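A closer look at the structure
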Amino acid sequence: MKKYVSLFIVLILLVVILSGCWNSREINTLAIVEAMGIDKTEDGKISLTFQVLKPDAVNSAGSDGTGGSGNAVTIITSTGETVYDAIRSATETSCRRLYFPFNKIVIIGEEVARDGIGDVTEFLDRNRETRNLEYILIARGKAEDIVKATSEQEKIPAKTIEMLLDVTYVTSQRTKMTLFDIHKILASKTASIYAPGITTIEKESKDEEIAIPALEDTAIFNKDKLIGWANKTETRGFLWILGEVVSGIIIVSSPREEDKKVSILITGTAVSVIPEIKDEKLYVTINITAQGGIGEQLSENVNLTEEEPFKKLQKNYAKAITDEVNAALNTIQKEWGVDIFGFGKAFYRKYPKEWKKLEKNWDEEIKNITVNVQVDARINSVGMSLYPESYQPEE
């Protein structure tokens, strides 16, 4: 009897172990989404545009989405009362079910963003197929136009957008934001979100005009509603405050020839934000330490390694950083009255008791903060050449 019982238990275990994946799906039954655009129709419904990988392009495109020119995707559109409803409605034009685990690009149309993105991102946060790691971008216009854009370098156009975001550190004048980042910011009662803007540019290719995606400006929100766009200078200005400037080029005037320019490569930064309450008024001191190196100089008769011009060049470097920070503060803090700088968090940590009163009217309090920007900029590299070939040292 024990022998039969043991055999029965073994058979049961084999059934469990060898039963396979009960909920597995064959890849040839799925529409693998590479990018998703969210817009609104004229009657207020949700309009979705999907960039979907073609079944016969799965292997030819490569696992990283590269592999030469020629799109490996097709476009699917649908509408619905909600995002989820519109996704299910896509089955009316697609014989394959939309599959999201590989999607890394979500583009939200400008009109949707101005109404508030909280509702449309709720589905992405709740759905088990999404990973909260999707990059969120805001279209200058309709998201549909971006999703339908082509690429000259990648078979999967969405890969182009992903790569554009991954190299934003080169200039530190563009941003990137994931769905996880957005939900983390929205969890705060006072902080507001920002996200990279994206548009299309027309380009001639093989005797025809094509639209290709391009990053443009930064979308600034009041909580979850789009209120304006920060240009490249203002974007790097608030990235200085956030301590997220890691590289980039700053153009300054030459010390002795103001009409000549010097390119300084940002090589290292450190930032501290110090809040203070005095006589019931709010103050913030931003201390920025920046390292840099001379990457290019167009002066013909200046040796920048000499003490006097070298010190002035460092002052010009510090002033350029200060100007960028003030440009961001003047527009985003003073004019729009939103806190993307983390000032609220800084006051909460240092003054938890006073913060209970401040947070109730933070939209107005943020505008009245006096901000002092202090920059210590140092140049520690001059490159392979000490001075221009045309420079004639004094005898």
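Let me begin by describing the structure that accompanies this report. None of the values given here were measured: they were computed from a predicted structure. (Residues numbered from 1 in each chain as written. Predicted model: local features only at pLDDT ≥ 70, side-chain atom pairs only at ≥ 80, totals over all residues. Heavy atoms only, no water.)

Let's shift gears to the pairing of strand E6 (residues 135-139). Within a regular strand, side chains alternate between the sheet's two faces. Burial analysis of E6 places five of its five residues in the buried class, the great majority of the element. Residues Tyr135, Leu137 and Ala139 of E6 are buried on one face, and the alternating residues Ile136 and Ile138, pointing to the opposite face, are buried as well. Pairing analysis gives four bridges linking strand E5 (residues 105-108) to E6, with the strands arranged parallel. Across the sheet, Ile105 pairs through a bridge with Tyr135, a residue of E6. Direction of pairing for E6 relative to strand E7 (residues 194-205): parallel, over a ladder of two bridges. (Buried < 20%, exposed > 50% of the residue type's maximum accessible area, 1.4 Å probe, protein only. Helix = DSSP H or I, 4+ residues; strand = E, 2+ residues; numbered from the N terminus. Pairing = 2+ DSSP bridges.)

Let us look at the sheet that holds strand E10 (residues 249-253). Taken in spatial order, the four strands line up as E10-E11-E12-E13 in an open sheet, and their pairing is mixed. Two strands lie at the open edges of the sheet, namely E10 and strand E13 (370-381), each paired on one side alone. Averaged over all pairs of adjacent strands, the angle between strand axes in this sheet comes to 40°, irrespective of strand direction. The sheet contact formed by E10 and strand E11 (residues 261-278) spans five bridges and is antiparallel. (Axes fitted to C-alpha atoms, helices over the stretch in contact; angles between N-to-C directions.)

Together, Glu202, Glu204, Asp207, Glu208 and Glu209 make up a negatively charged patch on the protein surface. Secondary structure elements with two or more residues in the negative patch: E7 and strand E8 (208-222). (Patch = residues over 30% accessible without salt bridge, like charges linked within 9 Å, V, L, I, M, F, W, Y side chains within 5 Å. Areas by Shrake-Rupley, 256 points an atom, 1.4 Å probe, with all protein chains shown as cover. Salt bridge = Lys/Arg side-chain N within 4 Å of Asp/Glu carboxyl O. Lys, Arg positive; Asp, Glu negative; His and termini not counted. Charge placed at Lys NZ, Arg CZ, Asp CG, Glu CD.)

What follows deals with the packing of aromatic side chains. Scanning all chains against the criterion turns up nine aromatic pairs. On the basis of an interplanar angle of 25° and a centroid distance of 5.1 Å, the ring pair of Phe341 and Phe343 is categorised as stacked. The exposure class assigned to Phe343 is buried, which follows from its relative accessible area of 0%. Pairwise contacts between aromatic rings join Phe50, Tyr84, Phe100 and Phe123 into one cluster. Over the ring of Trp229 we find Arg140, and its NZ or CZ is 4.2 Å from the ring centre. (Phe/Tyr/Trp six-rings, centres within 6.5 Å; stacked < 30°, edge-to-face > 60°. Lys NZ or Arg CZ within 6 Å of the ring centre and 35° of its normal.)

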